[in-house]
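The primary structure of each chain is shown beneath.
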Amino acid sequence: MTDTKGNGIMNAMFDEYGPYKGEIQYRKQGSLIAFEAGEAITYGLFNAQERGTLFIGPGEKVYSGMIVGQTGRAEDIEVNVCKTKHLSNTSSSDEALRLVPKKELSLEQALEYIDTDELLEITPESLRIRKKILDPTLRKRANIRKQNQ
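Residues numbered from 1 in each chain as written. Predicted model: local features only at pLDDT ≥ 70, side-chain atom pairs only at ≥ 80, totals over all residues. Heavy atoms only, no water.

I'd like to hear about the packing of aromatic side chains, residue by residue, with values.
Following the criterion strictly, the structure yields two aromatic pairs and no others. Judged by centre distance (5.1 Å) and plane angle (65°), the rings of Phe14 and Tyr17 are edge-to-face. When the ring of Phe55 is compared with that of Tyr113, the centres are 5.3 Å apart and the planes differ by 90°; the resulting orientation is edge-to-face. Note that Phe55 is positioned in the loop between β3 (52-54) and β4 (61-62) and Tyr113 in helix α2 (residues 107-113), a separation of 58 residues in sequence. When its relative accessible area of 11% is taken as the criterion, Phe55 is described as buried. The class of Tyr113 is buried, set by a relative accessible area of 9%. (Phe/Tyr/Trp six-rings, centres within 6.5 Å; stacked < 30°, edge-to-face > 60°. Helix = DSSP H or I, 4+ residues; strand = E, 2+ residues; numbered from the N terminus. Buried < 20%, exposed > 50% of the residue type's maximum accessible area, 1.4 Å probe, protein only.)

Can you explain the environment of Ile77? Please cite residues and give values.
Tracing the backbone shows Ile77 in strand β6 (residues 77-79). Discounting chain neighbours no more than four positions away, the residues touching Ile77 are Ser31, Leu32, Ile33, Arg51 and Thr71. (Contact = heavy atoms within 4.5 Å.)

Written out as C-alpha cells, the structure reads:
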C-alpha cells in the first residue's frame, strides 16, 4: 500500500522450492540516527527531513542511537531531532515550518527494514528501531573493526 499509493494489486501462488540462491541481500539505504536523547522538536525534524524519510513526528521521545528515519544514501547519518531554534530578533515561528507526514511502519515493515546491526523494540504503545550499539563512538569503532576483518 505504501509503495503503490493504494493502486497496486499483487497476487502470489506457491510453485515450488528452488535451489539455494546465496546470502540474503540487505537494504542499500542508510538510517537517520538520533544524535541525543530528548523530545523531537519541529525545528529539528524540519532540518532532518531534508536528509531522508522520517519515522517519527514532533513530541515523540527519542534517545541516542534510535533510528528516526531512512536516508537515500548507503551510509548512516546522525541527526539532531531535538534541536531547538535559537532566539533572535527575527520573527519566524514553528508554524511556518512544514513537515512531511511521517512514515508509519507496521511490524512486518519494521522487521523487513532492520539491518544486521539494528534491533526492533516492540512495546504496547510503539515500535522503535535502534542500533545494537547505542554509543556513536563505540558504533564507529565496531564498524572499523568489521571493515578490517
